[in-house]
Amino acid sequence: MREECDHAHHMVAAINDKADGFLDDLLPYAHILLNETGAGCNDVMRTRNGLNALRSWDSQLVAAVGPQCSGDLAEVASAEVRAELAHDTVFISSSSTADVLSNATAYPHVVRLSSPETMVMAALAAFVERNGWQRVALLHDDSLWGIDSAAAFSAEFVDGRQGRELLTMWNH
């Protein structure tokens, strides 16, 4: 995740520099302040503690880059959690792909920079089909992302096609 943070620092510096000719028209009246808080992945308490740390740094927190993992994003961005914690932060996630996060009512103010898992797994299934593979093993974890991606790939891979075999294993 260090590299993702470095990219964020670079882009914020570019956005904040209103005189270099690069991204000068993007958020022309805003100055972005950065504060990094590590949240881990698939650790609900660590993710919520990270959000609380950011909110204590700036009680009027408008936006946060992350969390990167789908389960963590779901834990801080759902409408229920927003009501419980009394926040309306915009979350910008570069890699949260679980399809459930596409529901703007259940997960308001979420910006994802990656395609949803149904699109990613459709591409993977097309790759498998192009190579003529009939037997595929799928290993995934029991996180929100793992379950979602496995279901999306399974649906695309099998999809009424005879003779295909999918072995699914999950790691708890």
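Residues numbered from 1 in each chain as written. Predicted model: local features only at pLDDT ≥ 70, side-chain atom pairs only at ≥ 80, totals over all residues. Heavy atoms only, no water.

Chemist: Is there a simple way to think about the sheet that holds strand 1 (residues 63-65) in this case?
Modeler: Pairing between the strands of a sheet comes from backbone hydrogen bonds, and it takes one of two forms, parallel or antiparallel. Taking strand neighbours across the sheet as the criterion, the three strands line up as 1-2-3 in an open arrangement whose pairing is parallel. Every other strand in the sheet has two partners, leaving strand 1 and strand 3 (110-112) as the edge strands with one partner each. Within this sheet the neighbouring strands show an average axis-to-axis angle of 15 degrees, counted without direction. As paired elements, strand 2 (residues 90-93) and strand 3 share three bridges and run parallel to each other. By the bridge assignment for strand 3, phenylalanine 91 is matched with valine 110. The strands that helix 3 (residues 70-77) touches are strand 2 and strand 3; relative to strand 2, the one it contacts most, it runs at about 175 degrees. (Pairing = 2+ DSSP bridges. Helix = DSSP H or I, 4+ residues; strand = E, 2+ residues; numbered from the N terminus. Axes fitted to C-alpha atoms, helices over the stretch in contact; angles between N-to-C directions. Contact = heavy atoms within 4.5 Å.)

Chemist: It is not clear to me how the packing of aromatic side chains should be interpreted in this structure. Could you clarify?
Modeler: Two measures describe an aromatic ring pair: the distance that separates the ring centres and the angle between the ring planes. For the structure shown, the criterion picks out two aromatic pairs. Here phenylalanine 127 and tryptophan 133 contribute two aromatic rings whose centre-to-centre distance is 5.5 Å and whose plane-to-plane angle is 85 degrees, an arrangement assigned as edge-to-face. A relative accessible area of 46% means that phenylalanine 127 is categorised as partly exposed. Consider the rings of phenylalanine 153 and phenylalanine 157, whose centres lie 5.5 Å apart with planes at 15 degrees: the pair is stacked. In this pair, phenylalanine 153 and phenylalanine 157 both sit in helix 6 (residues 144-158), four residues apart, roughly one turn of the helix. Just as phenylalanine 153 is buried, phenylalanine 157 falls in that class too. (Phe/Tyr/Trp six-rings, centres within 6.5 Å; stacked < 30°, edge-to-face > 60°. Buried < 20%, exposed > 50% of the residue type's maximum accessible area, 1.4 Å probe, protein only.)

Chemist: Honestly, the pattern of salt bridges in this entry has me stumped. Any pointers?
Modeler: Oppositely charged side chains can form a pair if their charged atoms are brought close together. Counting across every chain of the model gives one salt bridge. A salt bridge links arginine 82 to aspartate 88, with the nearest nitrogen and oxygen atoms 3.8 Å apart. Judged by relative accessible area, which is 5%, arginine 82 ranks as buried. (Salt bridge = Lys/Arg side-chain N within 4 Å of Asp/Glu carboxyl O.)

Chemist: How should I be thinking about helix 6 in this particular structure?
Modeler: Because an α-helix completes one turn every 3.6 residues, residues spaced three or four positions apart along the sequence face the same direction. Between its first and last C-alpha atoms helix 6 spans 21 Å; for 15 residues at 1.5 Å apiece the expected length is 21 Å, and the two agree. What helix 6 keeps buried is the set Gly146, Asp148, Ser149, Ala150, Ala152, Phe153 and Phe157. (Expected span 1.5 Å × (residues − 1).)

Chemist: Looking at this structure, I do not really get the side chain of arginine 112. What am I missing?
Modeler: Counting through the fold element by element, arginine 112 comes out in strand 3. An unpaired buried charge is present at arginine 112: no salt bridge exists, and aspartate 99, the closest side chain of opposite charge, is 5.6 Å distant. Side-chain polar atoms of arginine 112 contact the backbone oxygen of threonine 97, separated by 3.5 Å. A distance of 2.8 Å separates a polar side-chain atom of arginine 112 from the backbone oxygen of alanine 98. Each residue touching arginine 112, except ones within four places of it in the same chain, is listed here: Ser93, Ser96, Thr97, Ala98, Leu101 and Ser102. (Lys, Arg positive; Asp, Glu negative; His and termini not counted. Polar contact = N/O pair within 3.5 Å; in protein donor to acceptor, adjacent residues only side chain to side chain.)

Chemist: Help me out: how do you make sense of the packing of helix 2 (residues 44-57) against helix 3 in this one?
Modeler: The axes of two packed helices give the description: the angle between them and the distance between them. Remark: helix 2 packs on helix 3, axes separated minimally by 9 Å, with the N-to-C direction vectors making an angle of 55 degrees. Judged by the angle between their axes, helix 2 and helix 3 are oblique. Crossing angle aside, the handedness with which helix 2 passes helix 3 is right-handed. When helix 2 is examined against helix 3, the residues Val44, Thr47, Arg48 and Leu51 are found in contact with a partner set consisting of Asp72, Glu75 and Val76. (Parallel < 35°, antiparallel > 145°, perpendicular 65-115°, else oblique. Left-handed = near helix turned anticlockwise from the far one by under 90°.)

Chemist: I would appreciate a short explanation of the environment of leucine 85 in the present structure.
Modeler: Mapping leucine 85 onto the fold places it in helix 4 (residues 79-85). If near-sequence neighbours (up to four positions away) are discounted, leucine 85 is found in contact with Arg48, Leu51 and Arg55.

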